[in-house]
Amino acid sequence: MKGLIADYSGAFDPTFSHGKLAQKTLAKLMKATSEYMRRIDGHWYLSVMEKWGNDEALDCDIKVWERLVTYEMKMLSSLLNIHGDDVVTVMKALQASPWTLTYACDIDVRNNDEAIVTYRNCPTLLALEKEGKGREGLICQELEPRLMAKIAHYFNPSIEVVALKIPPRSGNEDICCQWEFKLNR
Amino acid sequence: MAELADYSGPFDPDFSYDRFTKETLLILIRSHAEYVRRIDGQWYLAVMQECGNDAAFACDAIVWEKLEAYTMKTTSNLLNIHGDDVVTLIKALQANPWSSSYKFNVDLINNDHAIISFINCPTLLALERDGSGREMLICNKLEVRLMELKAHYFNPNMIVTPLKLPPREPNSEICCQWELKVERNR
């Protein structure tokens, strides 16, 4: 396409919109936006935790994400036409989630009703490990299983989600977490 | 490689956003901007429900006091938007992750002086619908501080003057209006 710009170093354009940017730049912006989402969420958690403690922060976190996971799945499935009631549909939605841009994850689809998802890199877990207070015990072991189930159940309430591996992990080389999604028909 | 308009086809183990057409990427960018707004809004509401509005407002201020500079830094680095004048700030406002959710007009008087009028603000619409007058705190206190933080990221001498702030007159098109100015010794 003609006239697309790689950045916005040029003159002020009163009609600027993201549509004027090259596709590569848009992809970079999307990645930055997903990191931005993670930071907004993280800063809110920390500010509540610093003022009122971790229990209060976790309660708020649960409330926020139980609402937003459904919003996200609805948005993705309608925007990207991802519909179905099997596990592979859930996998497509996970791949397309803006969060996935900040994580490294492998998806092993065994059949349309069974898959294993392995997170190899998770900046949130890295931050929690660096902090060293053991908060991953709550966030990864309590909140995340609920959210994974919520994602799956948006498409089919009968999909079972089992955490195969969850922090704390044995070391930096270890995977972050691993999940089995299964639908018994 | 064929470009996809959506992801209705089979599972692709090598899926990435690069597979989508530009039109789809733009739709996703707009939806991500709305998602960003909702993450922030849902946190505010959750804290307000648990601890009250004063607590939620205090946290909101802490969060954005930290994140506003990050927002400007990321946007300006990614898109190579650098400078110390008002027009540089306006470019960053046009391109930052929130921009797709809001509509604003810019009257650029010169590179060091502009009037910016927000004519659509989904946050204000939600606050007006809520009816508890929270816009008095959020728009009149927090947003003034945040506009200064954005401006001062590029130039600590930039003067930010709110010309119009909520509550707005019935049928007023303008949500808020700001004068941005740098006075230079010549």
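What counts, and where the lines are drawn
Going along each chain's sequence as written, the residues are numbered from 1 onward. Ligands are numbered from 1 and chains lettered from A, in the order in which they are written. With the structure being a predicted model, the display of local features is reserved for residues of pLDDT at least 70 and the display and counting of side-chain atom pairs for 80 or more, all residues being used for whole-chain, interface and lining totals. Note that water and hydrogens are dropped before the side-chain values are worked out from all heavy atoms of the structure. Pairing between strands is defined by DSSP: at least two bridges between them are needed. Numbering of helices and strands runs from the N terminus; a helix is a DSSP stretch of H or I covering at least four residues, while a strand is a stretch of E covering at least two. Lines fitted to the C-alpha atoms define the axes, with helices restricted to the stretch that makes contact. Angles between their N-to-C directions range from 0 to 180 degrees. We call two residues in contact when some of their heavy atoms are within 4.5 Å. Definition used in this section: a nonpolar core is a set of buried Ala, Val, Leu, Ile, Met, Phe, Trp, Tyr and Cys residues joined via side-chain atoms within 4.5 Å. Residue burial is assigned from relative accessible area. The probe radius is 1.4 Å, only protein chains are included, and a residue is buried under 20% of its type maximum, exposed over 50%, and partly exposed in between. The rule for a salt bridge is simple: a side-chain nitrogen of Lys or Arg has to be within 4 Å of a carboxyl oxygen of Asp or Glu.

**Q** Help me understand the sheet that holds strand β4 (residues 177–182) of chain A in this model?
**A** Across a sheet, paired strands are connected by hydrogen bonds in the backbone, their directions being either parallel or antiparallel. Residues and elements named next belong to chain A. Spatially, β1-β2-β4-β3 is the arrangement adopted by the 4 strands of the open sheet, whose pairing is antiparallel. With one partner strand each, in any of the chains shown, β1 (104–111) and β3 (160–165) form the two edges of the open sheet. The sheet shows a mean angle of 20 degrees between the axes of neighbouring strands, taken without regard to direction. Bridging between strand β2 (residues 114–121) and β4 involves 6 bridges; their strand directions are antiparallel. Among the inter-strand pairings, Y119 is bridged to a residue of β4, identified as C177. Sheet contacts for helix α3 (residues 87–96): β1, β2 and β4; angle to β2, the most-contacted strand, approximately 20 degrees.

**Q** Just checking my understanding: could you explain the nonpolar core for this structure?
**A** One recurring pattern in soluble globular proteins: nonpolar side chains tend to sit buried together. Of all hydrophobic cores here, the largest spans 115 residues; its most connected members are W44, W65 and F181 of chain A together with W43 of chain B. Excluding anything up to four places from it in sequence, W65 of chain A contacts D41, W99 and L147 of chain A together with Y35, I39 and W43 of chain B.

**Q** For this particular structure, what's the right way to read the pattern of salt bridges?
**A** Side chains that differ in charge, positive against negative, can pair when their charged atoms come close. Residues and elements named next belong to chain A. With the rule as written, the count across this model stands at 22 salt bridges over all chains. Between K20 and D13 there is a salt bridge, with its nearest N and O atoms 2.9 Å apart. Residue K20 is classed as partly exposed on the basis of its relative accessible area, which comes to 29%. Between D106 and R120 there is a salt bridge, with the nearest N and O atoms lying 2.7 Å from each other. One end of the pair, D106, is in strand β1; the other, R120, is in strand β2, and 14 residues separate them in sequence. The class for D106 is partly exposed, based on a relative accessible area of 35%. Members of the salt-bridge network, linked through shared partners, are E35, R38 and R39.

What is shown is where atoms sit, not what they do.
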